[in-house]
Amino acid sequence: MTNNLYDITIIGGGPIGMFAGFYAGLRNAKAQIIESLPEMGGQVKALYPEKTILDVAGFAGLTGAELIANLQEQLDTMTEVDQKVDTKVLNLKKVDAGFEITTTKGVSYSKAVILAAGNGSFKPRELRAENVDAVADKFISYSVTNLEKFAGKDVMVAGGGDSAVDMALLLEKVANQVSILHRRAEFRGLEHMIDKLNESSVQILTPYLIKRLDQVDDKLQVTAKKVKTDEETQFSVDELVVNYGFISNNKDLQSFEVQPELEHNLVKVNSELETSEPGLFSIGDQATYLGKDTLIATGLGEAPIAVNTIMKQLYPDRRLPIHSTSLHK
Ligand SMILES: Cc1cc2nc3c(=O)[nH]c(=O)nc-3n(C[C@H](O)[C@H](O)[C@H](O)COP(=O)(O)OP(=O)(O)OC[C@H]3O[C@@H](n4cnc5c(N)ncnc54)[C@H](O)[C@@H]3O)c2cc1C
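What you see is a predicted model, and the numbers here were worked out from it, not measured in a lab. (Residues numbered from 1 in each chain as written. Predicted model: local features only at pLDDT ≥ 70, side-chain atom pairs only at ≥ 80, totals over all residues. Heavy atoms only, no water.)

A. Examining the site of the ligand more closely. As a matter of local geometry, the ligand sits amid 30 residues, with Glu35, Gln43, Tyr48, Lys51 and Asp285 nearest to it. In this structure, an oxygen atom belonging to the ligand sits 2.9 Å away from a side-chain N or O atom of Gln43. Look at the ligand: alone it shows 1000 Å² of surface, and the protein chains cover 93% of it. Those elements that place two or more of their residues in the shell around the ligand are α1 (15–26) and α2 (42–47). When grouped by side-chain class, the residues that make up the shell around the ligand number 14 nonpolar, 10 polar and six charged. (Near = heavy atom within 4 Å. Polar contact = N/O pair within 3.5 Å; in protein donor to acceptor, adjacent residues only side chain to side chain. Areas by Shrake-Rupley, 256 points an atom, 1.4 Å probe, with all protein chains shown as cover. Helix = DSSP H or I, 4+ residues; strand = E, 2+ residues; numbered from the N terminus. Nonpolar A, V, L, I, M, F, W, Y, C, P; charged D, E, K, R; others polar.)

B. Geometry of the environment of Leu181. Looking at where Leu181 falls in the secondary structure, it is placed in strand β12 (residues 177–181). Residue classification places Leu181 among the buried positions, given a relative accessible area of 2%. The sequence separation of Leu181 and Pro207 amounts to 26 residues, and the corresponding C-alpha distance is 7.5 Å. Residues within four places of Leu181 in sequence aside, it is in contact with Met156, Val157, Ala158, Gly159, Leu205, Tyr208, Ile210, Ala224 and Phe235. (Buried < 20%, exposed > 50% of the residue type's maximum accessible area, 1.4 Å probe, protein only. Contact = heavy atoms within 4.5 Å.)

C. A look at the nonpolar core. Ranked by internal contacts, the top residues of the largest apolar core, which has 41 residues, are Ile8, Ile53, Leu67, Ile114, Ile283 and Ile296. Put simply, the parts of the chain that give this core at least two residues each are β1 (5–11), α1, β2 (31–34), α2, α3 (64–76), β8 (106–115) and α8 (296–314). The greatest single-element share of this core, amounting to eight residues, is contributed by α1. One finds Val144, Leu147, Ala164 and Met193 within the second-largest nonpolar core, a separate group that totals 21 residues. (Core = buried A, V, L, I, M, F, W, Y, C linked by side-chain atoms within 4.5 Å.)

Here is the structure:
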């Protein structure tokens, strides 16, 4: 077991798990990160690599892909931290050494575990409208992973949350014309981004609901119904980007033998990010506590707290980190 016994295992290689892995390396922990997708990066890499992220400290703006590339470069400096991709954690069980971790590729052991699996597997919430299936493949996207696809086109974004607003502003840079259609008069988003939307050339269509979609020649005809009056209007676009949020699925966690206390399907943690199960921690989108915001900045702050708490528990005689990381060779 010794070869296969880690101090810290991080389940989930999203941005928060990646940074926790780096920080575990800084603390000289024997650590591994286990990620089910073929590459690290979580939601940021899979869902919005092209979007500009404005709220990560130290960066005036960088794309999702750039953030993950930077985190990867930082993580790779910790050569002793094992990075296992394409490997899904199937079970977590309490044993004398700590935890037994069963994955699609084998079994390993860990004195402590950090859950950083976000909302588990996630998929976009789909648009429901008449005839949607007939036009979906040709005209509908649920994420913007390749900006070039929208260059010079007339694009409609459906949705009213902050990522729909971000997406409309992102598409404005390359598209011929962008509109954003939302069922409420108000958008939910950071005030700064809503101001930008109002100042932009994006056409705002509110309050509308999409009723029906049809292909007319090479264009998509969107029939939208005005909320309250039911008055119908038709819009013609080349692409429809639907951003109605995501449906997440924490089934993996729910099938583990170790069952930490949950709240609304998220893992309840204390101020040291420890769950109701001693030695089991949770950070990032998967963790919840009073006042929690599911932001990258928040999760990045949680990672060192969890790692330092674990190291204090495992090695009480070791010195706590001094403030300067530059002391690390
Ligand atoms: C469209 C969109 C735009 C956003 N924009 C911003 C923004 O501008 N600023 C901001 O701060 N936040 C933004 N967010 C939120 C941000 O992406 C999340 O807060 C962040 O991704 C959380 O990171 P995480 O590492 O906790 O989880 P995730 O990114 O969800 O990563 C979790 C990882 O765990 C893996 N995993 C799950 N189950 C298992 C398993 N059983 N075994 C192994 N691996 C597993 C998953 O594959 C995934 O890679 C946005 C989110 C979306 C959807």
